[in-house]
Amino acid sequence: MTDVPDREAVGTLLRHVLEMLDGDVATVYAERGLADYRPRFSPPLRVLVADGPLPIRDLARRVGVTHSAASQTVTQMARAGLVELIRGADARQRIVHLTDRARDLLPVIEAEWTATTAAMRELDAELPVPLADLLHAVLAAVGRRPLRQRIADAGLPPPPT
């Protein structure tokens, strides 16, 4: 294991935790012959299974990410043969459709999702507060008062004008 980032390097610490968690899930897929499947594919795939084909903008909203992030993920999913993009009514709009390959992989993906959810519940039991609860609390707190405002209030001089 690599060294743990400094306690005050919160961004680095968050990325380190995410890399560890996502890395382990990616290893689970690779061990099952799905080396090109990324953990970040599961939320959009699950939305497409539940809701059917969607424009990227709607998919982004349903997953809870930016349009840019959804577009990047969809591009990677298309390269992996999991989705195809079809023009919508508006020539600029692209509708994301699952491919037969994605549908064939659903049993493995759903089994991993279920097992990972159970594993996260077990991990949460070892933590002072469930990880998702803490992350939602952080989002709410910075929604009320952004970190940039907190930095300014902590005494950092304003930028030169």
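Structure's up top.
My aim in this report is to walk through the structure given alongside it, one point at a time. These figures come from a predicted structure and were not determined experimentally.

## As for the pairing of strand S3 (residues 94-98)
- Note: strand S1 (residues 54-55) against S3, two bridges, orientation antiparallel. Directly across from Pro55, in S3, lies its bridge partner Ile95.
- Judged from the five bridges that link them, strand S2 (residues 83-87) and S3 form a sheet pairing that is antiparallel. Following the sheet pairing, Val83 is matched in S3 by Leu98.
- Counting the residues between successive antiparallel strands, the hairpin from S2 to S3 contains six residues.

## As for the pattern of salt bridges
- Counted by the stated rule, this structure contains eight salt bridges.
- For Arg32, the salt bridge goes to Glu31, with nearest N and O atoms at 3.7 Å. For the pair Arg32 and Glu31, one class covers both residues: exposed.
- For Glu110, the salt bridge goes to Arg46, with nearest N and O atoms at 2.8 Å. Placement of Glu110 in helix H5 (residues 100-126) and of Arg46 in helix H2 (residues 42-51) is noted, with a sequence separation of 64 residues between them.
- We classify Glu110 as partly exposed; its relative accessible area is 30%.
- With a relative accessible area of 27%, Arg46 lands in the partly exposed category.

## Observations regarding the layout of surface pockets
- Here the largest pocket defines a volume of roughly 2,400 Å³.
- Lining the largest pocket are 47 residues; nearest its centre among them are Val17, Leu18, Leu21, Leu131 and Leu135.
- Secondary-structure elements contributing two or more residues to the lining of the largest pocket are helix H1 (10-31), H2, helix H3 (56-63), helix H4 (67-79), H5 and helix H6 (131-144).
- Per-element accounting of the lining of the largest pocket gives the leading share, 13 residues, to H1.
- Classifying every residue of the lining of the largest pocket gives 34 nonpolar, six polar and seven charged.

## Looking at the side chain of Ser71
- Positionally, Ser71 belongs in helix H4.
- Taking the relative accessible area as the measure of exposure, Ser71 reaches 17% and is therefore buried.

## A look at the packing of H3 against H4
- Axis separation between H3 and H4 bottoms out at 8 Å; the angle between their running directions is 105 degrees. With respect to their mutual orientation, H3 and H4 come out roughly perpendicular. Residues Ile56, Arg57, Leu59 and Ala60 of H3 pack against His67, Ala70, Ser71 and Val74 of H4.
- Broken down by class, the residue content of the contact of H3 with H4 amounts to five nonpolar, two polar and one charged.

Cut-offs used in this document
- Residues numbered from 1 in each chain as written.
- Predicted model: local features only at pLDDT ≥ 70, side-chain atom pairs only at ≥ 80, totals over all residues.
- Heavy atoms only, no water.
- Pairing = 2+ DSSP bridges.
- Helix = DSSP H or I, 4+ residues; strand = E, 2+ residues; numbered from the N terminus.
- Salt bridge = Lys/Arg side-chain N within 4 Å of Asp/Glu carboxyl O.
- Buried < 20%, exposed > 50% of the residue type's maximum accessible area, 1.4 Å probe, protein only.
- 1 Å grid on protein atoms, 1.4 Å probe; cavity = no way out; pocket = protein on both sides within 12 Å on 5 of 7 lines; lining within 4 Å.
- Points joined across faces, edges and corners; volume = space filled by probe spheres on them.
- Nonpolar A, V, L, I, M, F, W, Y, C, P; charged D, E, K, R; others polar.
- Axes fitted to C-alpha atoms, helices over the stretch in contact; angles between N-to-C directions.
- Parallel < 35°, antiparallel > 145°, perpendicular 65-115°, else oblique.
- Contact = heavy atoms within 4.5 Å.

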